[in-house]
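Residue-level listing of the chains:
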Amino acid sequence: MEISNHDLVLILKNAGTACNIGCKYCAEARKKQVNLTNANTVTLDDIEQLINLTASVNNVTVLFHGGEPLLLPISYYEEIIKKWRQKRDDVYFGFQTNATLINDKWLDFFEEHRDIVGISISLDGDKEANSNRVGKDGRPTFSNVIDALDQLQSRSLTTGMISTLTKAALGREQELFELVSQYSNIRFLKLNPCYDMWSDGSVPEWGILPNEYAQYVLNFFDIMFKSQYLKKLDVEPILSIIKSLEGIDNSFCNFCNKKCNHFLSIYPGGRAIACDNFTLEDGLYPDLYTQNNISELLEKQPQPLFDQLDSLLEDCRKCGYQAICHGGCLAVRRRYSQYGKNGEAELYCGEMRRTIEYIKRRIESVRK
């Protein structure tokens, strides 16, 4: 993969993979850094190193992720933002949170920094669709997140939302639409497929396949299309498909040329990996403290991972849809190529083509 020094997204695993809830499908929990300790926290020294390494990068986005970033105190994030903005004032920060810890103090923090700090919450849909997102005690978290959404709306704080689509969510497109349309402060929604697959080729009870995901996306698109809601809410991957069909650039990695080398996940101890869809072992770059700048780090792409990703992109050159999907999610395609026993890799691309063609036809139908 070619390296560009113009755009970089840093996904900071500030609390390691520690979390206050226990989602059944959580891939981060499998990385085993689940205890919130000093050794499992991104330190301010780590932040200083990142600031120095990325000084020459034109556009930097910093996402506080997890695990659950709100487990750490507000003062910790105040210090990070202060340190970064003392060096440059063009960095945008974002929180990806399960929202269960949002309270008045966090709301005050988000209000104070609303111009430079974004919020995105995780909610898989209505109560039934969200049934895999449970507390450590096994109890549902749905009502806690709805309370947080209400509080965010009462403060006029905009938010994004990631809905991970599991078996529990299938067939509940209308319920998700009815939920998000109640909140004028939800500005974007990402329909995130749970394409989990074990190394023996089996799919866990919560996992779905590309044909199931494609049908969900198309059903949701039809609901939005008929409700004339497409211009009121940005929904991925629908937005990126439409933009690609119109020849408009977009930044969603599944549908643009900015792939895994534009994203770095930073774990405690100065460890950096490519997109967090990879394991700590597969995606590991050299230690942050051994490098002079981010370009030097990115040039040392972990092998054989990036050779495999390049091979997948090479396969795309033979496909007439490459200019639209730009290869899709390489991490998922690699997983299917490695472990799939029932043609899942071909199914992924076939369902991508079906989704693109359907949306294209529907859009063209209103222009005739």
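Note that the structure is a prediction, hence the values are computed from the model and not measured.

Description of the state of the cysteines
Here is step 1 of the chain: According to the stated counting rule, one finds zero disulfides in the structure shown.
Here is step 2 of the chain: Take Cys260: it sits in no disulfide, and the sulfur closest to it among the cysteines is that of Cys275, at 5.8 Å.
Here is step 3 of the chain: Taking relative accessible area as the criterion, Cys260 reaches 8% and is therefore assigned buried.

Re the sheet that holds strand E4 (residues 117–122)
Here is step 1 of the chain: As summarised here, the arrangement of the nine strands in space is E7-E6-E5-E4-E3-E2-E1-E8-E9, forming an open sheet in which the pairing is mixed. Here the strands that pair on one side only, and so sit at the sheet edges, are strand E7 (234–236) and strand E9 (271–273). Each neighbouring strand pair of the sheet contributes to a mean axis angle of 20 degrees, computed without reference to strand direction.
Here is step 2 of the chain: Bridge count between strand E1 (residues 7–12) and strand E2 (residues 59–64): six bridges; the pairing is parallel. When the sheet's bridge partners are listed, Leu12 is paired in E2 with Phe64.
Here is step 3 of the chain: Packing against the sheet, helix H2 (residues 74–87) makes contact with E1, E2, strand E3 (92–97) and E4, and its axis sits at approximately 155 degrees to E3.

Notes on the nonpolar core
Here is step 1 of the chain: Residues Trp84, Leu191 and Phe220 are the most contacted members of the largest nonpolar core, which totals 100 residues.
Here is step 2 of the chain: For Trp84, the contacting residues outside a window of four places in its chain are Leu10, Ile47, Leu50, Ile51, Thr54, Val62, Val91 and Phe93.
Here is step 3 of the chain: Residues Ile21, Tyr25, Cys194 and Trp206 belong to the second largest nonpolar core, which totals five residues.

As for helix H1 (residues 44–53)
Here is step 1 of the chain: Of the residues making up H1, those classed as buried are Asp46, Ile47, Gln49, Leu50, Ile51 and Leu53.
Here is step 2 of the chain: Contacts made by the buried residues of H1 are with E1, H2, strand E8 (263–267) and helix H8 (294–298).

Some words on the pattern of salt bridges
Here is step 1 of the chain: Counted according to the given criterion, the structure contains 19 salt bridges.
Here is step 2 of the chain: In this structure, Asp126 engages Arg172 in a salt bridge whose closest nitrogen and oxygen atoms are separated by 2.6 Å. Here Asp126, found in the loop between E4 and helix H4 (142–154), pairs with Arg172, found in the loop between strand E5 (159–165) and helix H5 (173–180); they are 46 residues apart in sequence, far enough to count as distant.
Here is step 3 of the chain: The class of Asp126 is buried, set by a relative accessible area of 13%.
Here is step 4 of the chain: The structure contains a network of salt bridges with shared partners spanning Asp104, Asp108, Glu111, Arg114 and Arg155.

Reading the values: the criteria
- Residues numbered from 1 in each chain as written.
- Predicted model: local features only at pLDDT ≥ 70, side-chain atom pairs only at ≥ 80, totals over all residues.
- Heavy atoms only, no water.
- Disulfide = S-S within 2.5 Å.
- Buried < 20%, exposed > 50% of the residue type's maximum accessible area, 1.4 Å probe, protein only.
- Pairing = 2+ DSSP bridges.
- Helix = DSSP H or I, 4+ residues; strand = E, 2+ residues; numbered from the N terminus.
- Axes fitted to C-alpha atoms, helices over the stretch in contact; angles between N-to-C directions.
- Contact = heavy atoms within 4.5 Å.
- Core = buried A, V, L, I, M, F, W, Y, C linked by side-chain atoms within 4.5 Å.
- Salt bridge = Lys/Arg side-chain N within 4 Å of Asp/Glu carboxyl O.

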